[in-house]
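Each chain, letter by letter, is given below.
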Amino acid sequence: MTTKKYVYAFTEGDGKNKKLLGGKGANLCEMTQIGLNVPPGFVITTETCLTYLDNPQRILPPEVINEVKQHIQALEQTTKKGFGNPDNPLLVSVRSGSAISMPGMMDTILNLGLNSQTLQGLIKQTDNERFGYDAYRRFIQLFGKVALGVADEHFDKHLDAIKRRAAVKDDVSLSARDLKEVCALFLQVVQEKTGRPFPEDVFEQLEIAIKAVFNSWLGKRAIDYRRQFNITPEQANGTAVNVVAMVFGNMGNDSATGVGFTRNPGTGENQMYGEYLVNAQGEDVVAGIRTPKPVQDMANEMPALYAQLVELSHKLESHYHEVQDYEYTIEKGVLYCLQTRNGKMNATALVRTSVEMEKEGLISKEQALLRVNPEHLEQLLHPRLDPDSTTHAVAQGIPASPGAAVGKCVFDADQAELLGKSGEKIILVREETKPEDIHGFFAAQGILTSRGGKTSHAAVVARSMGKACVAGAENIHVDSKLRQAIIGDNVIQEGDIITIDGSTGKVYLGAIPTIPPKFSQELKILLGWADEIARLKVMANADTPEAANKAVEYGAMGIGLCRTERMFNAADRLPIVVEMILAQTPQERKTALDQLLPIQRADFTEIFKVLAPHPVTVRLLDPPMHEFLPTERELLDEIAHLRELYAISKGVEHLASASRFMRDREGGALKTIPAPFDSINANLVSDAISKKEQMLRKARELHEVNPMLGHRGVRLGITYPEIYAMQIRAIFEAIAVCQKDKVAVNVEIMVPQVATAQELTHVKKLIDGIRTQVEAEQNVTLQFKFGTMIEVVRACMRAGSLAELAEFFSFGTNDLTQATFSFSREDAENKFLPDYTNLGVLQDNPFEVLDVKGVGQLMAMTVERGRKTRPNMKIGICGEQGGHPESIRFCHYVGLDYVSCSAPRVPIARLAAAQAKLLEQKYQIEW
Ligand code: PEP
Ligand code: MG
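Per an unreviewed UniProt entry, the protein goes by the name Pyruvate, phosphate dikinase and belongs to Beggiatoa alba B18LD. Per UniProt, the comment on the protein under Cofactor (unreviewed entry) is "Mg(2+)". For the protein, the Catalytic activity (unreviewed entry) comment in UniProt is given as "pyruvate + phosphate + ATP = phosphoenolpyruvate + AMP + diphosphate + H(+)".

Written as structure tokens, this is what we have:
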């Protein structure tokens, strides 16, 4: 039978076993074993902690005490000092340390082993009375607080009084006599507060200290920290206790203590970074009692030690192959390393150090890629709020498109465009946005809505443009007519400045300072490596030539989704689209479409050329037509205003109401009001009224109870074939132009909302007819691929049959998620989904993170069935989840060829795609 081992000397513990020895203990063992100068010591395991905490009496088992005593004996031999020896005392620190670092959350005690007798030994040994009393008073206070529960304030009041009496500011300025008096007062404090004298027996001190550190694992601070950072028992269970021979940084001016990083954790620069204090103990650096100096000062102040520190820094990095965050003490000119751990860095530093450490041969490209969390790249791609600013948010919405934006509130797109053009920075604030607001998006720094979620119009468009967006901030009441927004007691008028943070969903009054983004050279290099390793291609969702250019800038390998309806929304096009919708006959519709044809052709030609030779997937019109018309409410309001205006123009209205309109106009509130009323042309107003009434009739006619499940996508293409015919012709003519210009275009035509193979056959026939015509007219042979979105559950079930015609599939996981859960993509995110995720009913918002177990299973089935029919079927995803790292891992696992996401997420997706490949062996799903 093997007996359990509770304690490991630093010379024997396994430096890789952080679970058993805690991170600090394991590293102390490892550093000792690779020959770094670590003070001798031992680790009591995390298992011992659990055994202790499991016992209701909270006693340390005798075996543990025996082992601890044996290790103390060994320490005595190594240090040639005696624990409790009044002539030559051994002092130790007792430090916590669990498998996952929880800085400052658990307790540590220094200078343990001091009592009234050993104190005299220490003074004799060091020939320094002041040092002895200083160490003693620190120990009494720390032990008193951590192990005996006496609050700091009881000690501090005495220390402060003595400092005042001695007229000094710093502890270091107190004399030996002052400190002796402090010690006496501190001992009294312990007696008074605990009812017992301070323990003189050093083994009793040690036992109490070990128990106190173990207990701190269940302290409130530590529990809250574990909850906050989701630290599970599998990751870290219990704390180890490290008992380490004390070394002193407060033994005079050849002694010091400091903390440092092997490289700068803010910039990544390969230069030692940190601070130190001469003649001080570690807690002085952390507590901020004295102001430490930058480590570079040490080069002048203690050049030989600085050289040793540089050497230590190099040794640590070359051993751990990672930036280290370490603590050290210099005792009478000898440097000791007390602790090391992997350094936490911001994204800039992580990216830079990854690339530089690879170049220095410290890590491989694969390791460099795995060091960076793809989500952290977001910090480098968008402006963000200055983390030092302390202002409180006034509203919370859904973080719909990342980045921070500051600007004047504007409540409609026309005004946004006007002010934007004049150089103003603005935030477009709407209840919700509509396609006709698109010009406002172009002009705005950011978009704020009080309704809608992550896949709402505002969110999707903002993301595609890389603009900040907070959506669905439901405690904001937006009144576009009064041009104001009300948030609690605050009334925000047009022109007031606000700040939105699309990464957190927070809204602030006034201007908060922001930090601009940086697409560094190192990031480009890192992403280049990612592209070499990844199997998945990363495409962008981009709908305009501007967005296509942006996609290329971010490194997209093609456009995976070009939503053609977005091309209809520009101010010069929407009226033609409205004409097309209002058309009474196919001929009238064709007249409007004939005007749209050259516009679409020009857009396609430009996009194809920007992306050549990479693929561009053009999706035929998808949204229901009513989305291009104002809402019924808006139309009714406009008609009412026009009628009043008509009455004025006829001279029937009283002068009072006329002057009201004049005021409105001067205030810029009613853009529908034309020239001064005495020059209003009644006929023009009357025409405008009939137009609006016609639109109202149409809007009512097109109204659907469930528009998302309604007359949209391929259903529209089949019932109004002229629309698809125009788009297909525009695509073909654009291909012909490119071919004639010798540009190697690579075009794919995609049909949305397909549920049956017959729908695809129908559209394919239309395409073939137009293809024959254009080939004859242009004397070219057109090359393109034909495919379908998979966003309807039936399409998944019938994938085998769809694959007979479709040469590629693209998962529209926005709609497919809606269909799978029966959750409205427009409403769920600001109604019940937050509760679902808070209560743990759902782990994630499925519109953001792919629901692998449900939607993912449908995808896996579709891939299998599709490729059974067409083995080399190209398959990708273009829903919003296509830019989410965890979802990308699944897409890799399930065998997709590409992911397509908004342009600013492309860098994140490129890194995630490489990581998916590197970690593929570890990926598992249980369906
Ligand atoms: C989808 O449904 O996932 C998709 C990409 O299409 P849209 O968001 O335009 O409906
Ligand atoms: Mg869709």
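Across its full length, the protein carries 35 helices and 31 strands. In terms of overall dimensions, the protein has C-alpha extents of about 110 × 75 × 55 Å along its principal axes. Split into buried and exposed, the 927 residues of the protein put 55% on the buried side. Partitioning the contacts of the protein with sequence separation of at least 6, the portion at a separation of at least 24 is 69%. Seen as two clouds, the 103 positive and the 116 negative side-chain charges of the protein have centres 2 Å apart.

As a further point, take the sheet that holds strand 14 (residues 404-410). Read from one edge to the other, the open sheet built from 8 strands follows the order 12-22-21-14-15-16-17-13, with strand pairing classed as mixed. Edge strands, defined here as strands with exactly one partner in the open sheet, are strand 12 (395-396) and strand 13 (398-401). Here helix 16 (residues 413-421) sits on the sheet in contact with strand 14 and strand 15 (426-430), set at roughly 180° to strand 15. The strands touched by helix 18 (residues 457-465) are strand 13, strand 16 (446-449) and strand 17 (468-471); relative to strand 13, the strand with the most contacts, the crossing angle is about 45°.

On to the site of ligand 1. Taken together, 14 residues sit near ligand 1, with Arg-563, Arg-619, Gly-812, Asn-814 and Arg-825 positioned nearest. Take Arg-563: an N or O atom from its side chain is 2.8 Å from an oxygen atom of ligand 1. For ligand 1, an oxygen atom lies 2.7 Å from a polar atom in the backbone of Asn-814. Taking 290 Å² as the accessible area of ligand 1 by itself, protein coverage stands at 96%. Listed by contribution, the elements that provide at least two residues to the shell around ligand 1 are strand 25 (559-563) and helix 31 (813-821).

Turning our attention to the UniProt feature "active site" (unreviewed entry) in the protein. Cross-referencing UniProt, the feature "active site" (unreviewed entry) maps to His-457 and Cys-878 in the present numbering. A relative accessible area of 16% means that His-457 is categorised as buried. Excluding its chain neighbours within four sequence positions, the residues that come into contact with His-457 are Thr-433, Lys-434, Pro-435 and Phe-441. Mapping Cys-878 onto the fold places it in the loop between strand 30 (874-877) and helix 34 (885-893). With residues up to four places along the chain from it excluded, the contact list for Cys-878 reads Asn-541, Gly-560, Leu-561, Met-789, Ser-810, Phe-811, Gly-812 and Ser-900.

Quick look at unusual backbone geometry now. The amide bond that connects Ala-612 to the next residue, Pro-613, takes the cis arrangement and shows omega of 5°. Here Pro-613 is to be found in the loop between helix 22 (586-611) and strand 26 (615-619). We note that Asn-779 has phi near 55°; this positive angle belongs to a residue other than glycine. Position of Asn-779 relative to the elements: it lies in the loop between helix 28 (757-778) and strand 28 (785-790).

Surrounding the magnesium ion (ligand 2) are the protein donor atoms Glu-791 (OE) and Asp-815 (OD), at 2.0 to 2.1 Å. Residue Glu-791 is located in the loop between strand 28 and helix 29 (793-797), and its partner Asp-815 is located in helix 31; the two are separated by 24 residues in the primary sequence. Relative accessible area serves as the criterion here: at 6%, Asp-815 is assigned to the buried category.

Tallied over the full model, the rule gives 0 disulfides. A disulfide-free cysteine, Cys-409 has its sulfur positioned 14 Å from the sulfur of Cys-469, the nearest such atom. Unpaired in terms of disulfides, Cys-901 finds its nearest cysteine sulfur in Cys-891, a separation of 10 Å. A residue is classified by how much of its surface remains accessible, and Cys-901, at 3% relative accessible area, is buried.

The strand order across the open sheet built from 5 strands is 1-2-5-3-4, with neighbouring strands paired in antiparallel fashion. The open sheet has two edge strands with one neighbour each: strand 1 (7-9) and strand 4 (108-112). Taking each pair of neighbouring strands and ignoring which way they run, the sheet shows an average axis angle of 20°. Taken together, the 7 bridges between strand 3 (residues 92-98) and strand 5 (residues 239-245) define a ladder with antiparallel strand orientation. By the bridge assignment, Ser-96 is partnered in strand 5 with Val-241. Against the sheet, helix 1 (residues 18-33) makes contact with strand 1, strand 2 (41-44), strand 3 and strand 5, and its axis sits at roughly 125° relative to strand 3, the strand it touches most.

Right, let's get into the nonpolar core. By size, the foremost hydrophobic cluster in this structure holds 134 residues, and its most contacted members are Leu-377, Phe-608, Ile-731, Phe-732 and Leu-896. For this core, the element with the highest residue contribution is helix 27 (residues 721-740), accounting for 11 residues. For Leu-377, the contacting residues outside a window of four places in its chain are Val-351, Val-372, Leu-523, Leu-527, Pro-907, Ile-908 and Leu-911. Grouped together as the second largest cluster of nonpolar side chains are 68 residues, Ile-72, Val-94, Ala-135 and Val-189 included.

Here the focus is the side chain of Arg-430. Within the secondary structure, Arg-430 is located in strand 15. A distance of 3.5 Å separates the side chain of Arg-430 from the side chain of Asp-437, its partner in a polar contact. Those residues in contact with Arg-430, other than ones at most four positions away along the chain, are Phe-411, Asp-412, Asp-437, Leu-448, Thr-449, Ser-450, Val-478 and Ser-480.

Relative to each other, helix 23 (residues 632-649) and helix 25 (residues 682-702) sit at 160°, their axes nearing to 9 Å. Put simply, helix 23 runs roughly antiparallel to helix 25. Helix 23 and helix 25 meet at a crossing whose hand is left-handed. In this structure, helix 23 contributes Glu-632, Leu-635, Leu-636, Glu-638, Ile-639, Leu-642, Arg-643, Leu-645, Tyr-646 and Ser-649 to the contact, and helix 25 contributes Ala-682, Val-685, Ser-686, Ala-688, Ile-689, Lys-692, Glu-693, Met-695, Leu-696, Ala-699 and Arg-700.

Enumeration over the complete set of coordinates arrives at 19 aromatic pairs. An angle of 65° between the planes, with centres 5.4 Å apart, marks the rings of Phe-143 and Phe-198 as edge-to-face. Pair noted here: Phe-143 is in helix 5 (residues 129-146) and Phe-198 is in the loop between helix 7 (176-194) and helix 8 (202-216), with a separation of 55 residues, a long-range link. Taking the relative accessible area as the measure of exposure, Phe-143 reaches 0% and is therefore buried.

Here we come to the pairing of strand 21 (residues 497-501). Taken across its 5 residues, strand 21 has 4 buried, putting it largely inside the fold. The pairing of strand 14 with strand 21 spans 5 bridges and is classified as antiparallel. Each residue of the ladder has a partner; that of Lys-408, found in strand 21, is Ile-497. By the bridge criterion, 4 bridges tie strand 21 to strand 22 (residues 506-509) in an arrangement that is antiparallel. Bridging from a neighbouring strand, Asp-501 pairs with Lys-506 of strand 22.

Moving on to helix 23. Compared with the 26 Å implied by 1.5 Å per residue over 18 residues, the 25 Å span of helix 23 between its first and last C-alpha is a close match. The complete set of buried residues in helix 23 reads Leu-635, Asp-637, Glu-638, Ile-639, Leu-642, Leu-645, Ile-648 and Ser-649. Among the residues trailing helix 23, Gly-651 stands out with phi positive, at a value near 75°.

Quick notes on the rules
- Numbering of residues starts from 1 in each chain and follows the order in which that chain's sequence is written.
- Whichever chain is written first is A, and whichever ligand is written first is 1; the rest continue in order.
- It should be noted that, the model being predicted, local features are given only for residues of pLDDT at least 70 and side-chain atom pairs only at 80 or more, the latter also being counted only at that level, while totals for whole chains, interfaces and linings use all residues.
- Note that the side-chain values use all heavy atoms of the structure and ignore hydrogens as well as water.
- UniProt positions are given in the numbering used here, feature names are shortened, and annotations may be inferred rather than shown by experiment.
- In this text, helices come from DSSP runs of H or I with a minimum length of four residues, and strands from runs of E with a minimum of two, each type numbered from the N-terminal end.
- A simple rule labels every residue: compare its accessible area, found with a 1.4 Å probe on the protein chains alone, to the largest value its type can have, and call it buried under 20%, exposed over 50%, or partly exposed in between.
- Whether two residues are in contact is decided by their heavy atoms, any of which lying within 4.5 Å being enough.
- Just so you know, the count uses Lys and Arg for positive and Asp and Glu for negative, and it drops His and the chain ends.
- Where a charge sits is defined by one atom per residue type, namely NZ (Lys), CZ (Arg), CG (Asp) or CD (Glu).
- Strands are labelled as partners when DSSP assigns at least two bridges between them.
- For helices, the axis comes from a line fit to the C-alpha atoms of the stretch in contact; other axes are also lines fit to C-alpha atoms, and the angle between any two N-to-C directions lies between 0 and 180 degrees.
- Nearness here has a simple test: a residue counts as near a molecule or strand if at least one of its heavy atoms is within 4 Å of that partner.
- Contacts described as polar in this section are N or O atom pairs within 3.5 Å, which, within protein, must combine one atom able to donate a hydrogen with one able to accept it, while residues neighboring in sequence count only if both atoms come from side chains.
- Reported accessibility uses the Shrake-Rupley method at a 1.4 Å probe radius. Residues are deemed covered only where the shown protein chains occlude them.
- Coordination here is defined by N, O and S atoms within 2.8 Å of the metal (3.2 Å for Na, K and Ca), and since water is not considered, a site can look incomplete.
- For the purposes of this analysis, a disulfide is any pair of cysteine sulfur atoms at a distance within 2.5 Å.
- In these notes, a set of buried Ala, Val, Leu, Ile, Met, Phe, Trp, Tyr and Cys residues joined through side-chain atoms within 4.5 Å is what counts as a nonpolar core.
- Roughly parallel here means an angle under 35 degrees, roughly antiparallel means over 145, roughly perpendicular means 65 to 115, and every remaining angle is called oblique.
- By the definition used in this description, the sense in which the near helix is turned from the far one sets the handedness, with an anticlockwise turn below a right angle giving left-handed and a clockwise turn giving right-handed.
- Classification of ring pairs uses Phe, Tyr and Trp, with its six-membered ring standing for Trp, and accepts pairs whose centres are within 6.5 Å; under 30 degrees between planes counts as stacked, over 60 as edge-to-face, and the remaining range as tilted.
- To estimate the expected span of a helix, count its residues, drop one, and scale the result by 1.5 Å.

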